[in-house]
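Fold and contact review
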Amino acid sequence: MTGAAATPMPRLPAVHVLLDATGCQMLVAEYGREQTVDTLRLVLDELRALLRAGEDADVSVDGIVALLGARLAAANLSRLRPVFNLTGTVLHTNLGRALLPDLAVQAVVEALRWPMNLEWDIDTGKRGDRDDLVEEQLRALTGAEAVTVVNNNAAAVLLMLNALAPGREVIVSRGELVEIGGAFRIPDIMARAGATLREVGTTNRTHFRDYEEHAGAQTAMLLKVHASNYAITGFTKEVSVAELAPLARERNIVLAVDLGSGTLVDLERYGLPHETTVKETIAAGADLVTFSGDKLLGGPQCGIIAGRADLIAAIKKNPLKRALRVSKLTLAALEPVLNLYRAPDLLPQRLTTLRLLTRPAGDMRALADSLLAPLQDALADSYTVSTAPVNSQIGSGALPVELLPSHALAIRAQAGVRGNPLGLLERRLRALPRPVIGRIADDTLWLDLRCLEQDHVAAFLAQLPALSGKPAA
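Here is a short report on the structure shown in this document. Keep in mind that what you see is a predicted model, and the values were worked out from it rather than measured.

Cut-off values and rules
- Residues numbered from 1 in each chain as written.
- Predicted model: local features only at pLDDT ≥ 70, side-chain atom pairs only at ≥ 80, totals over all residues.
- Heavy atoms only, no water.
- Axes fitted to C-alpha atoms, helices over the stretch in contact; angles between N-to-C directions.
- Helix = DSSP H or I, 4+ residues; strand = E, 2+ residues; numbered from the N terminus.
- Parallel < 35°, antiparallel > 145°, perpendicular 65-115°, else oblique.
- Left-handed = near helix turned anticlockwise from the far one by under 90°.
- Contact = heavy atoms within 4.5 Å.
- Nonpolar A, V, L, I, M, F, W, Y, C, P; charged D, E, K, R; others polar.
- Pairing = 2+ DSSP bridges.
- Expected span 1.5 Å × (residues − 1).
- Bend = angle between axes of the 7 residues up to and from the residue.
- Buried < 20%, exposed > 50% of the residue type's maximum accessible area, 1.4 Å probe, protein only.

Our focus in this paragraph is the packing of helix H5 (residues 102-113) against helix H14 (residues 328-340). It is the contact of H5 with H14, at a shortest axis distance of 8 Å, that shows an interaxial angle of 150°. If you check the angle between H5 and H14, you find them roughly antiparallel. Crossing of H5 over H14 shows right-handed handedness. Facing H5, whose interface residues are Leu-103, Ala-104, Ala-107, Val-108, Ala-111 and Leu-112, H14 presents Lys-328, Leu-329, Ala-332, Ala-333, Pro-336, Val-337 and Leu-340. Taken together, the residues that form the contact of H5 with H14 break down as twelve nonpolar, no polar and one charged.

Okay, structure coming up:
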């Protein structure tokens with residue numbers, strides 16, 4: 001007995017037939033012929049494998065072109081995407097830290113479009129120094145004799161140590177041997193720079209005599225490091241810059257301070273906790289100060305070294321300076337940010353970072369009330385949404401124990417929902433066209449609204465319907 005004949009496998013259209021289709025021609029115009037053809041062959045191979053496995057597949061010209069367009073769009077989608085930062089951390093390292101004000105954004109766009117006088121002195125017609133573009137502003141803001149800019153503060157510390165202390169000792173209090181991020185550890189950076197670490201004092205208490213007893217002929221530097229991501233409390237003692245300055249001068253030793261976050265103004269005038277400024281540190285007697293441009297300063301990622309002119313000159317002669325220098329884009333963004341500091345009374349309105357840090361809790365409370373119903377509608381009855389007061393943090397190595405009163409949307413799963421409903425919702429939020437990044441704690445998904453400004457509310461609301469869908473009950 002003969003069985004029924006097998007259904008023949010559908011034939012795929014030829015490559016040239018697909019390329020002649022109007023839709024495919026449009027893809028060629030957008031993505032180029034080579035990329036389109038290569039991707040089309042991959043799509044055809046995948047469809048052929050599905051058909052051989054007995055799976056259903058749309059092998060019409062229109063269906064294949066539609067699949068091809070989706071593949072090309074996905075392949076060309078930027079991996080660097082804007083997100084809504086609702087974590088409650090304003091200066092979030094993983095989300096890019098400081099947001100630039102519009103003036104800085106416009107300056108970067110201009111720098112992308114045009115040749116710029118990066119190292120060209122327009123007045124003299126001769127080669128210039130790229131640090132000159134921001135030195136005047138930084139000297140005025142810090143009280144330093146000279147400055148230089150590199151690509152981040154870790155680079156600033158590395159360059160400073162390698163230029164001024166190779167083969168010699170650098171004295172650091174044990175309580176200041178910090179680790180920041182994944183790999184920035186003071187002992188490791190010092191070793192890479194070719195300097196020898198001399199630890200003094202103990203974890204919680206270091207006295208003047210500890211520095212005095214160990215500062216000798218082999219000592220190149222006394223280095224104080226700001227405890228930017230932790231705090232030691234209780235029975236503690238540290239030696240101030242002002243106390244160390246006379247010792248450094250007497251023994252001809254460089255006194256350097258790694259401030260980390262790099263505050264240029266007294267934050268207390270804006271209702272924030274006091275953080276020692278760069279100018280205060282230099283006035284207290286520091287020879288050099290290193291600090292970041294993308295933390296409390298509110299600018300682009302960079303590291304700044306400010307201090308004595310002779311020391312800055314020596315640092316700039318070091319071969320590592322060229323390896324660690326910044327591009328025209330960084331300087332284009334940094335200069336307008338520094339110019340904003342000329343009007344400190346207007347800074348909270350004009351500097352994005354300071355505006356976010358100083359938002360009154362009432363603003364976030366009102367915003368939470370307005371977003372409560374739309375979010376609850378989008379989540380239907382699988383979750384319960386409420387509003388609640390929370391504390392935001394500054395973040396990224398700036399005032400680590402200081403909290404800012406804020407307000408959040410608090411999302412909790414309804415009783416009886418199986419699995420991990422909060423984890424599922426957190427993934428759905430991340431899968432939105434503009435991902436929403438919150439945090440899960442205490443069986444609640446928190447969306448802190450400090451960094452959701454009014455200009456972005458419409459975009460936030462517009463994508464909420466995409467959250468539809470319920471976990472299994």
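Another point: the sheet that holds strand S11 (residues 288-292). One open sheet accounts for seven strands, arranged S4-S12-S11-S10-S9-S5-S8; its pairing is mixed. Every other strand in the sheet has two partners, leaving strand S4 (146-150) and strand S8 (196-200) as the edge strands with one partner each. Adjacent strand axes in the sheet meet at a mean angle of 25° when their direction is disregarded. Here strand S5 (residues 169-173) pairs with S8 via five bridges, running parallel. Paired with Val-172 across the two strands is Glu-199, which belongs to S8. Across the sheet, helix H7 (residues 153-164) is in contact with S4, S5, strand S9 (219-225), strand S10 (254-260), S11 and strand S12 (303-307); its angle to S11 comes to roughly 155°.

Moving on, we get to helix H17 (residues 361-379). For H17, with 19 residues, the first-to-last C-alpha span of 26 Å sits near the 27 Å given by 1.5 Å per residue. Of all bends in H17, the biggest is about 35°, found at Leu-371, and the proline Pro-374 comes one to four residues later. Within H17, the full set of buried residues consists of Ala-361, Met-364, Leu-367, Ala-368, Leu-371, Leu-375, Ala-378 and Leu-379. At the C-terminal side of H17, Ala-380 shows a positive phi close to 55°.

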